[in-house]
Amino acid sequence: MKVAIVGASGAVGQEFLRILAERNFPIDELVLFGSERSAGRKYTFKGKEYEVKLLQHNDDFKDIDVAFVSAGGGTSKDFAETITKYGTVMIDNSSAFRMDKDVPLVVPEVNAADALDRPRNIIANPNCTTIMMVVVLQPIEKLSHIKRIHVSSYQSASGAGAAAMAELQQQYKELVEDGEAKTISKFPVQLAYNVIPQIDVFCDNDYTKEEMKMFNETQKIMHSDVKTSATCVRVSSLRSHSESVWMETESPVSVEDARKALAAAPGVTLKDDPANRIYPMPLETAGLDDVYVGRIRKDLANENGLTLWLSGDQIRKGAALNAVQIAEYLYKVGNIK
């Protein structure tokens, strides 16, 4: 198995390296690609040093079986044909192809088999908030069809990349030392000691692109007519996203049945004992693989409603881990070498 990582120097690219090593993914040869800025950098994988190659329109992908791509939508669109023309499976972490009809959008716990039907040899990794939400929704969907979802997200700085995480840390340092946050670049305003009720740009309907991703991607992944209304908020935690989710099912689902289903679900860890202050928090879920869920309760405003709280690592399950799990599934069923 020959594997490539495109965007190896970024936060997700670095997480790919860690997860591939941790999970002992079957790699015979590894190739790292990056921009002119990162070409030449060296990283260690399983005790061996690798140098980042410049991503170019050439035949570098000729013998590569799987390429994990996390270099931004523009790069993905520009290089998709170069990456896939010799049969490489491109697992793309950007939003470039997610809603294309001929590109599967996959969360393995929900719709792994969709990855087998990929006319362009591209598989899209969903948006981080969508991934974590559908992993938790799928066990409930099996109990009763989910008709509507209302969700508020609490998204950490990590969702905007490694530079954004560094900026948040720098802002706190400046506030302590100088009483003023001077470094404001990755976010529209100061994030430290603040929350920003905008992630991505606004659409004509006054929802942001991030919020519309949750509407559209949830339907595609779950093969469902479910309608999702989201408010996505950037918060000043460093890593791991959280979500407060309200769902309406066709038939009532008891809290007890929901807890049992979630406790048994793959990729989910139940952490739900509010009387003893046991519930998921981003400080504790950072660096972990599962989506953690708690505060499960009946919705007081809807007799067919449930509400819950979830938290998960945006860089792991929200990005790199999900992509690696897609490749693991393809390998398991013999769809790649």
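Described below are features of the structure shown in this document. On a predicted model such as this, the values are computed, not experimentally measured, just so you know.

## A word on the overall build of the protein chain
- Helix and strand counts for the protein chain come out as 9 helices and 14 strands.
- Since a compact globule built from 337 residues should have a radius of gyration of about 20 Å, the 20 Å found for the protein chain is in line with a globular shape.
- Relative to all contacts within the protein chain whose residues are 6 or more apart in sequence, the contacts with residues 24 or more apart total 66%.
- Total accessible area on the protein chain stands at roughly 15000 Å², and carbon and sulfur atoms take up 47% of it.
- Distance between charge centres in the protein chain, computed from 39 positive and 46 negative side chains, equals 2 Å.

## Regarding the pairing of strand S11 (residues 241–249)
- Among the 9 residues of S11, 8 are classified as buried, and the element is accordingly described as predominantly covered.
- One ladder, built from 8 bridges, connects strand S9 (residues 146–155) with S11; its direction is antiparallel. Looking at S11, one finds that Arg-148 is bridged to Glu-248.
- Looking at chain direction, S11 and strand S14 (residues 305–312) are connected through 8 bridges and run antiparallel. If you follow Glu-243 over to S14, its bridge partner there is Leu-310.

## What to know about the pairing of strand S7 (residues 89–92)
- Side chains of S7 alternate between two faces, with Val-89 and Ile-91 and Met-90 and Asp-92 buried alike.
- Sheet topology places strand S6 (residues 66–69) next to S7; 4 bridges connect them, and they run parallel. Each bridged residue has a counterpart across the sheet, and for Phe-68 the counterpart in S7 is Ile-91.
- Assessed by its sense of winding, the connection that carries the chain from S6 through helix H2 (residues 73–84) to S7 is right-handed.
- Where S7 meets strand S8 (residues 122–124), 3 bridges bridge the pair, whose relative direction is parallel. When the sheet's bridge partners are listed, Ile-91 is paired in S8 with Ile-123.

## Here we look at the sheet that holds S14
- If you walk across this open sheet you meet the 6 strands as S10-S9-S11-S14-S13-S12, and the pairing is mixed. With partners counted over all chains shown, the strands left at the sheet margins are strand S10 (227–234) and strand S12 (268–270), one partner each. Strand-to-strand twist in this sheet, taken as the mean axis angle between neighbours without regard to direction, amounts to 25°.
- With 5 bridges connecting them, strand S13 (residues 291–298) and S14 associate as antiparallel partners. Residue pairing in the sheet places Val-293 in a bridge with Leu-310 of S14.
- Packing against the sheet, helix H6 (residues 209–222) makes contact with S9, S10 and S11, and its axis sits at approximately 145° to S10.

## Concerning the packing of helix H1 (residues 11–22) against helix H9 (residues 316–332)
- Taken N-terminus to C-terminus, the directions of H1 and H9 make an angle of 50°; their axes are 9 Å apart at the nearest point. What the angle tells us is that H1 and H9 run oblique. Classified by chirality, the crossing of H9 by H1 is right-handed. Every residue of H9 that contacts H1 at Val-12, Glu-15, Phe-16, Ile-19, Leu-20 and Glu-22 is listed here: Arg-316, Ala-319, Ala-320, Leu-321, Ala-323 and Val-324.
- For the contact of H1 with H9, the per-class residue count stands at 9 nonpolar, no polar and 3 charged.

What counts and what doesn't
- Residues numbered from 1 in each chain as written.
- Predicted model: local features only at pLDDT ≥ 70, side-chain atom pairs only at ≥ 80, totals over all residues.
- Heavy atoms only, no water.
- Helix = DSSP H or I, 4+ residues; strand = E, 2+ residues; numbered from the N terminus.
- Rg over C-alpha atoms; globule rule 2.2 N^0.38 Å.
- Contact = heavy atoms within 4.5 Å.
- Areas by Shrake-Rupley, 256 points an atom, 1.4 Å probe, with all protein chains shown as cover.
- Lys, Arg positive; Asp, Glu negative; His and termini not counted.
- Charge placed at Lys NZ, Arg CZ, Asp CG, Glu CD.
- Buried < 20%, exposed > 50% of the residue type's maximum accessible area, 1.4 Å probe, protein only.
- Pairing = 2+ DSSP bridges.
- Right-handed = clockwise from strand over helix to strand, strands pointing away.
- Axes fitted to C-alpha atoms, helices over the stretch in contact; angles between N-to-C directions.
- Parallel < 35°, antiparallel > 145°, perpendicular 65-115°, else oblique.
- Left-handed = near helix turned anticlockwise from the far one by under 90°.
- Nonpolar A, V, L, I, M, F, W, Y, C, P; charged D, E, K, R; others polar.

Geometric values such as these leave the question of function open.
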